[in-house]
Amino acid sequence: MMNYIAGRRMASIRKRGSGRGFDNSMLKYCVKRLASSIITLLIIITVVFVLLRQMPIEGYFDNFEKADQATINAKLEQLGLNDPIPVQLFNFLKNLLKGDLGTSARYSVGAPIAQIIAKKAPVSIKLGVLSMALALIMGIPLGAAMARGKGRFWDKFGTVFIVFINAVPAAVYHIFIQMYGTSFLGISMLFDEANLVTWILPVFSMALGNTAYYAMWLRRYMVDEMNKDYVRLARAKGVDSRKIMMRHVFRNAFVPMIQYIPTSLLYTVSGSIYIESLYSIPGMGGLLVDVIGRQDNPMVQAIVIMYSCIGIVGLLLGDLLMGMIDPRISFVKKEGAR
Amino acid sequence: MASFKDIKSRKLEAAASAQIQKELDAVNEDELFVLAEYDETAAEKTGYSNYSYWRSTLQVFFKNRTAVFLLFVLAALLIFTVIQPYLPGQYPANLINNNPQTGKQLSNLAPSLTTVLVTAPEGTALTAEPVKNAEGWYSVTNVVDSLKARTKFDIVEYGEEWCRVEYKDVTGYVKNNFQTKLKLPEDPTAVPYESRSNFKLDIFSTPEDYTNNGTALYVPEQLLTIGEDGTAVTNAEAELRILPSENAFWFGTNNIGQDLWARVWSGTRTSLMIGFIVAIVEAIIGITVGVLWGYVRKLDRILTEVYNVIDNIPNTIILILISYILKPGLRTLIFAMCLTGWLGMARFIRNQIVIIRDRDYNLASRCLGTTTPRIIVKNLLPYLVSVIMLRMALSIPGAIGSEVFITYIGLGLPVDIPSLGNLINEGRKLITSEALRYQLIFPAIVLSIVTISFYIIGNAFADAADPKNHV
């Protein structure tokens with residue numbers, strides 16, 4: 001979601017007394033961070049599980065209207081839905097450790113969800129990785145160009161682009177890209193995995209949000225960096241401005257960008273929900289929309305939990321990566337709510 | 001025995017106190033405690049300036065031309081959405097408009113500013129028939145007869161576009177083009193000859209087509225001189241309309257004949273209402289939690305942990321989950337959005353409060369015995385007004401966007417509550433047909449204007465409220 005960025009976490013940056021590398025405090029931090037992630041995950045699973053038990057039981061049957069009371073009861077018993085919720089939750093967690101997410105009720109009757117997801121996930125992952133790469137390729141030069149020519153064409157263009165992408169709901173411009181892009185490229189509106197041309201638009205649309213995001217932050221950091229004394233000194237010494245930009249400003253400004261990796265991952269995840277159902281891409285996002293439409297409770301539960309996992313893992317990776325790359329970050333003391 | 005010095009000092013003292021007593025009696029005690037009047041020169045001596053935070057903020061804000069322009073656009077739009085249903089000639093948003101004569105839905109009418117199709121000169125002879133469901137309107141046409149496919153008739157005069165024909169006792173004109181496919185001899189100008197058409201054919205009384213692709217047109221009563229047996233002559237230049245109404249469907253109609261213009265504005269109303277409610281609820285919950293979180297030290301740890309848990313779940317997932325579990329509708333949607341939105345606000349308020357809560361003026365206030373609620377309301381919150389307003393301004397487009405997203409994945413509002421989300425979603429289903437794209441484009445444009453305006457105004461205001469930018 002767009003409003004997700006506003007006030008997104010900033011790892012607390014503090015000066016560290018000793019300049020040691022991967023030391024005890026870091027290890028401690030990693031373990032603590034991992035533990036908190038696992039606890040969060042457990043809480044999320046519990047909440048999702050309990051909430052979905054409140055749904056009407058139709059979502060567990062492929063032909064509820066025609067079934068009689070006895071079959072319904074038998075099915076409920078077989079699925080373990082008559083047990084108290086804590087028991088059900090425990091069973092679910094136990095199965096989860098074995099990689100068993102349950103079976104689909106309506107979408108593909110009786111098929112193990114883990115298998116369905118395993119079949120759908122590769123396309124989503126490919127799309128996600130490609131779009132994140134494309135976002136870097138487009139966003140970083142754009143941000144750098146904006147910072148270099150402050151107030152000139154690229155800055156203005158970038159500003160308009162960022163405002164547009166941030167303000168207008170993604171669903172709207174995705175539809176327009178599909179509508180005009182497909183007729184421009186002369187292809188059909190639907191995705192075809194074998195036809196590489198049909199990959200262009202979905203990947204491009206998915207990358208747009210992150211592109212704007214990277215460009216916005218990189219520009220901000222670079223402008224901050226450009227106002228620092230050492231840059232002024234370098235300029236006074238007569239160092240080539242391009243050199244200053246590449247060697248000093250860009251490098252220093254790029255480091256804090258790492259902390260936006262988890263956010264961009266979340267962007268990509270929610271973007272995939274739109275894009276995949278728009279272009280009928282056989283991936284996870286499209287699957288989620290599909291099973292919501294068919295009210296397939298076990299599938300919704302499994303996919304929602306999957307997505308939460310991706311989010312949590314993303315945040316975890318971002319935090320750890322940030323710690324490894326920038327030694328100025330303290331692992332000992334976290335200030336407040338990050 | 002008192003010395004002379006003592007006697008002298010006692011005397012002086014008595015005299016002095018008598019003097020003071022006299023002067024004191026003359027002064028009215030109330031006058032001593034009257035506020036001094038504001039004196040500009042005196043004020044300048046101590047470095048007073050009449051700097052006002054809000055005035056300065058507004059001054060900076062009004063320098064940003066784009067933001068001011070968008071502010072006017074947004075204000076105009078807001079006012080218009082409110083008064084639109086009360087304007088004359090508006091169709092209700094959920095009314096399914098039917099053709100009164102045929103009873104069929106006026107579906108997928110293209111956007112048009114007028115209902116006039118053609119203008120007939122004065123004295124045009126037409127067949128007229130009063131329209132049942134529209135008082136004062138006549139449905140007119142100049143079709144005198146219709147021929148079935150493969151009926152034989154005589155062409156008595158040949159023309160490139162119109163042919164004069166005779167069929168039984170009727171004389172009139174038929175169109176001669178690639179659609180009518182008249183069967184013509186080798187030399188069509190050698191008249192009369194017998195011909196026929198492969199399709200149904202209308203015979204017009206004049207070589208003009210006063211029909212809307214074969215269906216009747218509508219004229220108000222006063223433009224016609226009604227004759228006997230269903231004939232009428234126009235008594236002035238008459239505009240023939242496709243509807244028995246002067247109110248056109250400016251944005252066209254959707255596939256069941258609802259007026260898109262009314263629906264777009266009604267949808268804007270719904271979406272803005274969702275946006276405002278969500279923003280206000282977010283502000284209330286966010287400020288309350290944020291203040292508690294920041295000010296009450298005992299709560300800090302636990303609230304931080306709660307925040308970390310909720311913040312780890314993608315917002316989208318919470319939105320989807322809540323909308324999936326509860327019954328779809330306005331309340332569910334607002335509830336789901338409020339459930340996630342306050343987090344950011346609370347965190348922001350908390351961080352600010354942690355920074356300023358132990359500043360000297362607050363310590364002083366606390367030492368003087370000011371109660372905590374008073375410190376919060378009087379000392380802390382005024383500092384945060386600008387950031388709170390910024391976050392509220394940004395959460396409105398956010399909420400509108402979330403509504404579009406939720407509708408898009410099929411968990412949004414039912415179609416009988418028009419919102420920009422479900423209008424766009426309905427329009428999206430039609431993008432394969434180029435002629436029907438207006439059903440997507442109109443709501444998308446309005447939505448973009450609203451969200452971009454809020455975004456830019458909110459950011460411009462935040463910049464203006466930042467004291468660094470003040471003069």
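Residues numbered from 1 in each chain as written. Chains lettered and ligands numbered in written order. Predicted model: local features only at pLDDT ≥ 70, side-chain atom pairs only at ≥ 80, totals over all residues.

Caption draft 1: Quick look at the overall build of chain A. Summing up its helical and strand segments, chain A has 12 helices and zero strands in all. Classification of the 338 residues of chain A by burial places 38% in the buried group. A sequence separation of at least 24 residues applies to 75% of the contacts in chain A between residues at least 6 apart. (Helix = DSSP H or I, 4+ residues; strand = E, 2+ residues; numbered from the N terminus. Buried ≥ 20, exposed ≤ 12 C-beta atoms within 10 Å, placed from the backbone. Contact = placed C-beta atoms within 7 Å.)

Caption draft 2: How the structure looks around the nonpolar core. Core analysis: the biggest nonpolar cluster contains 139 residues, and A171, I303 and V304 of chain A together with I409 and I424 of chain B have the highest contact counts within it. Counting residues per element, this core draws most heavily on helix α12 (residues 438-465) of chain B, which supplies 15 residues. What A171 of chain A contacts, discounting residues up to four positions off in sequence, is Y274 of chain A together with V404, F405, Y408 and I424 of chain B. Membership of the second largest hydrophobic core comes to 18 residues, among which are A120, A128, Y218 and L243 of chain B. (Core = buried A, V, L, I, M, F, W, Y, C linked by C-beta atoms within 7 Å.)

Caption draft 3: Structural view of the packing of helix α5 (residues 260-295) of chain B against α12 of chain B. Residues and elements named next belong to chain B. For the pair α5 and α12, interaxial distance at closest approach is 10 Å and the crossing angle is 30°. Taken together, the axes of α5 and α12 are roughly parallel relative to one another. For the pair α5 and α12, the crossing hand works out as right-handed. Judged by residue contacts, L260, V264, G267 and T268 of α5 engage Q439, F442, P443, V446 and V450 from α12. Residues of the contact of α5 with α12, tallied by class, amount to six nonpolar, three polar and no charged. (Axes fitted to C-alpha atoms, helices over the stretch in contact; angles between N-to-C directions. Parallel < 35°, antiparallel > 145°, perpendicular 65-115°, else oblique. Left-handed = near helix turned anticlockwise from the far one by under 90°. Nonpolar A, V, L, I, M, F, W, Y, C, P; charged D, E, K, R; others polar.)

Caption draft 4: Summary view of unusual backbone geometry. All names here are of chain A. Positive phi is not limited to glycine here, since S280 has a value of about 50°. Tracing the sequence through the fold places S280 in the loop between α10 (261-278) and α11 (284-293). One non-glycine residue, Q295, adopts positive backbone phi at about 55°. Assignment of secondary structure puts Q295 in the loop between α11 and α12 (297-325).

Caption draft 5: Structural context of the domain arrangement of chain B. Segmentation of chain B into domains returns domain 1 (116-241) and domain 2 (260-469). Averaged C-alpha coordinates put domain 1 of chain B and domain 2 of chain B at centres separated by 60 Å. (Domains from an automatic or database assignment.)

Caption draft 6: Representation of the environment of N254 of chain B. Residues and elements named next belong to chain B. Its location among the elements puts N254 in the loop between β13 (238-241) and α5. The buried category is assigned to N254, around which 24 C-beta atoms lie within 10 Å. Placed 184 residues apart in sequence, N254 and Y438 show a C-alpha to C-alpha distance of 9.6 Å. Look past the residues within four positions of N254 in its chain and what remains in contact with it is L260, E426 and Q439.

Caption draft 7: Summary view of the interface of chain A and chain B. At the junction of the two partners, chain A supplies 42 residues and chain B supplies 45 residues. Listing elements by their share of the side of chain A that touches chain B, those giving two or more residues are α1 (24-53), α5 (153-167), α6 (170-185), α10, α11 and α12 of chain A.

Caption draft 8: The arrangement of the environment of D358 of chain B in detail. When you line up the elements, D358 of chain B lands in the loop between α8 (330-356) and α9 (360-367). Sequence separation between D358 of chain B and Y295 of chain B is 63 residues, and the spatial gap between their C-alpha atoms is 9.7 Å.

Caption draft 9: Broad picture of the confidence of the model for chain A. Residue and element names in this part refer to chain A. Looking at chain A as a whole, the pLDDT averages 80, with 89% of positions reaching at least 70. Mean pLDDT across the elements of chain A bottoms out in helix α2 (residues 69-79) (76) and peaks in α5 (92). Note that residues 1-21 has pLDDT below 50 and, in this model, 42 contacts with residues that lie over four places away or in other chains. pLDDT under 50 marks residues 331-338. Its contacts with residues more than four places away, or in other chains, come to 20 contacts. (pLDDT = per-residue confidence, 0-100.)

Caption draft 10: Just the environment of L96 of chain A, in detail. Its location among the elements puts L96 of chain A in helix α3 (residues 85-97). Counting along the chain gives 206 residues from L96 of chain A to A302 of chain A, while the straight-line C-alpha distance between them is 9.8 Å.

Caption draft 11: Structural detail: the pairing of strand β7 (residues 170-175) of chain B. Residues and elements named next belong to chain B. In terms of strand pairing, strand β6 (residues 162-167) meets β7 through six bridges, oriented antiparallel. Opposite R164, over in β7, you have Y173 as the bridge partner. What sits between the antiparallel neighbours β6 and β7 is a turn of two residues, in which K168 has the positive phi angle 50°. (Pairing = 2+ DSSP bridges.)

Caption draft 12: Just α12 of chain B, in detail. Taking 1.5 Å of rise per residue, 28 residues should cover 40 Å, and α12 of chain B covers 40 Å from first to last C-alpha, within 8% of that figure. The element α12 of chain B is extensively covered by neighbouring structure, given that 20 of its 28 residues are classed as buried. (Expected span 1.5 Å × (residues − 1).)

Caption draft 13: View of the confidence of the model for chain B. Residues and elements named next belong to chain B. Taken as a whole, chain B shows an average pLDDT of 85; of its residues, 97% reach a score of 70 or greater. Helix α4 (residues 65-83) holds the highest mean pLDDT among the elements of chain B, 94, whereas helix α2 (residues 40-45) holds the lowest, 70. Complex prediction metrics read pTM 0.81 and ipTM 0.81.

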